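The primary structure of each chain is shown beneath.
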Amino acid sequence: ASAPVHLAVDLGASSGRVLAGCIEEGQLKLSELHRFANDPVHVQGRMYWNLLGLWQEIRKGLSLAAASEAKVLSVGVDTWGVDYVFLDANGDLIGPGYHYRDARTRGMFPKAFERVAREEIFAETGLQFMELNTAYQLLAARLENSPVLDIAHQMLMIPDFFHWLLTGKAAIEYTNATTTQLYNTQQQGWSQKLLKAFDLPTRVFSDVVQPGTVLGPILGGQGGVPGLEGVPVVLPATHDTGSAVVAVPADNFAPAQPDWCYISSGTWSLMGCEIPEPLINDRCAELNFTNEGGVQGSTRLLKNIGGLWIFQQIKASLERRGQTLDWPSMVQAAADAKPFQLLIDPDCPDFAAPACMVDAIAAFANRTGQPSAADNGVLFRGALEGLALRYRTCLGWLESLTGTTINTIHILGGGAQNALLCQMTADACRRRVLAGPVEATAIGNIVMQMVGLGQIGSIQEGRQLIRDSFQPVVYEPQDPDPWDAAAERFEKLDA
Ligand code: ADP
Ligand code: LRH
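Bear in mind that the values here come from a model prediction, so they are computed numbers and not experimental data.

Next up on the list: the site of ligand 1. The immediate surroundings of ligand 1 are formed by 17 residues, with G12, S14, G266, T267 and G414 found nearest. Those elements that place two or more of their residues in the shell around ligand 1 are α11 (309-320) and α12 (327-336).

Below, the structure is given as structure tokens:
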């Protein structure tokens, strides 16, 4: 008979998927059961999650597992951070759930800082400032006098919401709670100071629960998942980045002197170190690094970099113009293009949610005095070079913050399949890159379920299992010198 499996539901911006993982002959075996779109829904200028459509897809994926011969031991859901929904006092879902790229948070910083000084928000939470953080989404709701805040009874982050649909149990999981910028990781509780200052209803912020907790059994009946009734939901790090970092194939866990860092490379690039305690000081605030809560008390000191979002959106724009593209051919066209023709800053705010990414890049080129892209290859290459250049700067900042030398960069997630970007990263950073695993988030999700159920003893044991199961691809620096001049040009781009 097949080995018993754990199921990971991973909702990324480029797709949602349900994967099964099991241990066979000392190796973690992963199989994809179902992959589906996870596109936002635009309604009258607002941007929402398609939560109920996703619930149908999740149930479809889980039902495929139920129909297979393998016994299902547990299920866990992760998605990106910061997004939330509310339940009312009757346990009804209020509203469709905003997507963090919705425009209502624009311009919220000054309004927030009138209430609490920026430095104080950082001291309270250790979080980087991004307008998409839950704190500014909720402040926007308050400032538009949204009646939702009056009737909300319980806040749930999006993975918590799906866990609630699965089990009927409403609980906020820790790693995602820390992405709100309303949680104090040092005091281990919601920041009452910030909740009060932003005039948010404290009743909706229930106590948080740690990854590894057995939340409860999956419901049966019409609203449940037939065939999986009674199977426990075991909380992973529900923040996808938290799960991805669990899957770093390192031989240690949250070292005090890190000599490796990770880039969780998908729609975003999350670059940082896994450390034992939050690092909250002026330099960290100045560089706008974040301290996100990780599994088993660890902290992810990292920076959000605008990621493969630009690459994805160039593809979407060109497809709307009738072109047919796929990732490997885009990477090949980038590899064939001449280097450093167009430097694209992945963190330019103009790229956050433009109607057309190709037009937004043309405007950026014009504004920064660069020739616009002569062909697709230049466009694709520019998006990748911009990322590698940003990684180079970020690596320097990380080393100065941690006071260590980082020898190895682990690239995790879908971006690990982009051999050109991995090599550019090795060259631009002058460091060895280990690429993989590709499905790091789902793997980390499953490893945490295994730890929660006591099937493996620790994260370190999980990492050993990952090292025994997935062979990383090694990239050594090959041609780093040309990156020095490019980095100088890049630094001056917006000047
Ligand atoms: P998310 O979790 O944010 O949806 P993923 O980790 O799934 O992101 O990564 C998606 C990205 O991976 C895509 O934007 C694409 O750039 C990259 N990618 C996926 N498949 C390939 C491939 N075969 N070759 C190169 N890049 C790929
Ligand atoms: C990556 C991610 C990241 C968050 C962003 C909103 O998917 O979770 O860690 O900052 O999405």
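Here the focus is the environment of A333. Tracing the chain through its elements places A333 in helix α12. For A333, a count of 17 C-beta atoms within 10 Å corresponds to the partly exposed category. Residues A333 and M130, spaced 203 residues apart in sequence, show a C-alpha to C-alpha distance of 33 Å. Residues in contact with A333, not counting those within four places in the same chain, are N376, G377 and F380.

Another point: the environment of I314. Along the chain, I314 turns up in helix α11. Other than its neighbours up to four places away in sequence, I314 contacts M357, V358, L379, F380 and A383.

For the rest of this paragraph, the subject is the UniProt feature "domain: Carbohydrate kinase FGGY C-terminal" (unreviewed entry) in the chain. Within this numbering scheme, the UniProt entry marks residues 261-452 as carrying the feature "domain: Carbohydrate kinase FGGY C-terminal" (unreviewed entry). Between the end C-alpha atoms of residues 261-452 the distance is 25 Å, and the span holds 46% helix and 17% strand.

L7, A247, I361, L384 and Y391 are the most contacted members of the largest nonpolar core, which totals 140 residues. No other element matches the eleven residues that helix α14 (residues 376-402) contributes to this core. In this view, A247 contacts L412, P437, A440, I443, G444, V447 and I466; residues no more than four positions away in its chain are not counted.

Now for the sheet that holds strand β16 (residues 260-265). Taken in spatial order, the seven strands line up as β18-β19-β17-β16-β20-β21-β22 in an open sheet, and their pairing is mixed. Bordering the open sheet on either side are β18 (290-293) and β22 (473-475), each of which pairs with just one other strand. Each adjacent strand pair in this sheet contributes to an overall mean axis angle of 30°, direction not counted. Sheet analysis places strand β20 (residues 408-412) next to strand β21 (residues 432-435), joined by four bridges and oriented parallel. Bridging across to β21, T408 finds its partner in R432. Each of β20, β21 and β22 touches helix α15 (residues 419-429); the most contacted strand, β21, lies at about 155° to it.

Cut-offs applied
- Residues numbered from 1 in each chain as written.
- Chains lettered and ligands numbered in written order.
- Predicted model: local features only at pLDDT ≥ 70, side-chain atom pairs only at ≥ 80, totals over all residues.
- Near = placed C-beta within 6 Å.
- Helix = DSSP H or I, 4+ residues; strand = E, 2+ residues; numbered from the N terminus.
- Buried ≥ 20, exposed ≤ 12 C-beta atoms within 10 Å, placed from the backbone.
- Contact = placed C-beta atoms within 7 Å.
- UniProt positions renumbered as here; feature names shortened; annotations may be inferred.
- Core = buried A, V, L, I, M, F, W, Y, C linked by C-beta atoms within 7 Å.
- Pairing = 2+ DSSP bridges.
- Axes fitted to C-alpha atoms, helices over the stretch in contact; angles between N-to-C directions.

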